[in-house]
Amino acid sequence: SAVISQKPSRDICQRGTSLTIQCQVDSQVTMMFWYRQQPGQSLTLIATANQGSEATYESGFVIDKFPISRPNLTFSTLTVSNMSPEDSSIYLCSVLGQGREQYFGPGTRLTVT
Amino acid sequence: AQSVSQHNHHVILSEAASLELGCNYSYGGTVNLFWYVQYPGQHLQLLLKYFSGDPLVKGIKGFEAEFIKSKFSFNLRKPSVQWSDTAEYFCAVNALQSSYKLIFGSGTRLLVRP
């Protein structure tokens, strides 16, 4: 399985600001995904990021709020824009494995005050 | 809408006890099924997966899961748990027609007492 790293591992931000989370993979992968895990809840897919095309967002998530970049096959970023306390969550990136399984990064714990 | 239910939110067992964690999903078509585990302080790891074939699948660390299509279930089992199995366990489903999206259950926190 791929080795996935995320930066930052955690951050505390003020409302109204934006934070960009980076996801780096040690091998080339076709598909990357961004998930959110709100406190006490399960993981929810935000969007799918393919290299060379626009990200595909799930219902309830919009590009203006969560812009995503995928400049190459080993890297992606997720920006959480104009943050509010409701955005306090763990944000995880994942990559598609050889089959249809996904492998996850360590996550970024975001607290918005 | 597709959903995944994990019946037990918290489970406490003594070492050597048997474990069964329930997982049910609501989707009538073809699915891929997964169990993930998150040990304290670590990231989410794939425990086992079912794509097709033998409905009894074996994963890492002595875990297994059985896919029962008629019951829309994919329960996780281990005959004898260890203290090191203390973790949170997530069931996830990929409905093939919805691309690669994983739908997760709410998770089960397992505490194994030595």
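One structure accompanies this document, and this report is about it. (Residues numbered from 1 in each chain as written. Chains lettered and ligands numbered in written order. Predicted model: local features only at pLDDT ≥ 70, side-chain atom pairs only at ≥ 80, totals over all residues. Heavy atoms only, no water.)

## Some thoughts on the nonpolar core
The nonpolar side chains of a soluble globular protein tend to be buried, and buried together.
Next up, step 1: Formed by 43 residues in total, the largest nonpolar core has its most connected members in Phe104(A), Tyr36(B) and Phe104(B).
Next up, step 2: Counting residues per element, this core draws most heavily on strand E9 (residues 89–96) of chain A, which supplies 6 residues. (Core = buried A, V, L, I, M, F, W, Y, C linked by side-chain atoms within 4.5 Å. Buried < 20%, exposed > 50% of the residue type's maximum accessible area, 1.4 Å probe, protein only. Helix = DSSP H or I, 4+ residues; strand = E, 2+ residues; numbered from the N terminus.)

## Topic: the packing of aromatic side chains
Next up, step 1: Across all of its chains, the model carries 13 aromatic pairs over all chains by this definition.
Next up, step 2: Aromatic side chains Phe104(A) and Phe104(B) sit 5.9 Å apart centroid to centroid with 75° between the ring planes, which places their arrangement in the edge-to-face category. Of the two residues, Phe104(A) sits in strand E10 (residues 102–104) while Phe104(B) sits in strand E11 (residues 103–104), which places them in two different chains.
Next up, step 3: Relative to Phe72(B), the ring of Tyr25(B) has its centre 5.6 Å away and its plane inclined at 75°; by these criteria the two rings are edge-to-face. Taken together, the residues span a long stretch of sequence, with Tyr25(B) in strand E4 (residues 24–26) and Phe72(B) in the loop between strand E8 (64–68) and strand E9 (73–78) at a distance of 47 residues.
Next up, step 4: Through pairs of rings, three or more aromatic residues link up here, namely Tyr35(A), Phe104(A), Phe34(B), Tyr36(B), Phe51(B), Phe90(B) and Phe104(B). (Phe/Tyr/Trp six-rings, centres within 6.5 Å; stacked < 30°, edge-to-face > 60°.)

## A few points about the interface of chain B and chain A
When the parts of a complex come together, some accessible area is lost, and that lost area is often taken as the interface size.
Next up, step 1: In this complex, chain B contributes 18 residues to the contact, which on the side of chain A involves 17 residues.
Next up, step 2: Taking both partners together, chain B and chain A bury about 1,500 Å²; carbon and sulfur atoms supply 61% of that area.
Next up, step 3: Connecting chain B to chain A are 2 salt bridges.
Next up, step 4: A salt bridge links Glu58(A) to Lys101(B); its shortest N-O distance comes to 3.0 Å.
Next up, step 5: Where chain B meets chain A, there are 8 residue pairs in polar contact (both at pLDDT 80 or more).
Next up, step 6: Listed by contribution, the elements that provide at least two residues to the side of chain B that touches chain A are strand E5 (31–38), strand E6 (45–50) and strand E10 (87–95) of chain B. (Contact = heavy atoms within 4.5 Å. Buried area = accessible area lost by both parts, 1.4 Å probe. Salt bridge = Lys/Arg side-chain N within 4 Å of Asp/Glu carboxyl O. Polar contact = N/O pair within 3.5 Å; in protein donor to acceptor, adjacent residues only side chain to side chain.)

## Description of the pattern of salt bridges
Residues and elements named next belong to chain B.
Next up, step 1: Using the criterion set out here, one finds 8 salt bridges over all chains in the structure.
Next up, step 2: Notably, a salt bridge pairs Lys-78 with Asp-85, separated by 2.9 Å at the nearest N-O pair.
Next up, step 3: On the accessibility criterion, Lys-78 (7% relative accessible area) is buried.
Next up, step 4: By relative accessible area, Asp-85 is classed as buried at 2%.
Next up, step 5: The structure contains a network of salt bridges with shared partners spanning Lys-58, Glu-64, Glu-66 and Arg-77.

## Comments concerning the layout of surface pockets
Next up, step 1: Estimated volume of the largest pocket: approximately 760 Å³.
Next up, step 2: Along its surface, the largest pocket is lined by 35 residues, and Ile90(A), Arg109(A), Gln38(B), Glu88(B) and Arg109(B) are the ones closest to its centre.
Next up, step 3: Here the residues of the lining of the largest pocket sort into 13 nonpolar, 18 polar and 4 charged.
Next up, step 4: Approximately 170 Å³ is the volume found for the second largest pocket.
Next up, step 5: Every residue lining the second largest pocket is listed: Ser1(A), Ala2(A), Val3(A), Ile4(A), Gln102(A), Tyr103(A), Phe104(A), Tyr36(B), His43(B), Leu44(B), Gln45(B) and Leu46(B).
Next up, step 6: Elements represented by at least two residues in the lining of the second largest pocket include exactly E10 of chain A together with E6 of chain B.
Next up, step 7: Sort the elements by how many residues they give to the lining of the second largest pocket and E10(A) lands first, with 3 residues. (1 Å grid on protein atoms, 1.4 Å probe; cavity = no way out; pocket = protein on both sides within 12 Å on 5 of 7 lines; lining within 4 Å. Points joined across faces, edges and corners; volume = space filled by probe spheres on them. Nonpolar A, V, L, I, M, F, W, Y, C, P; charged D, E, K, R; others polar.)

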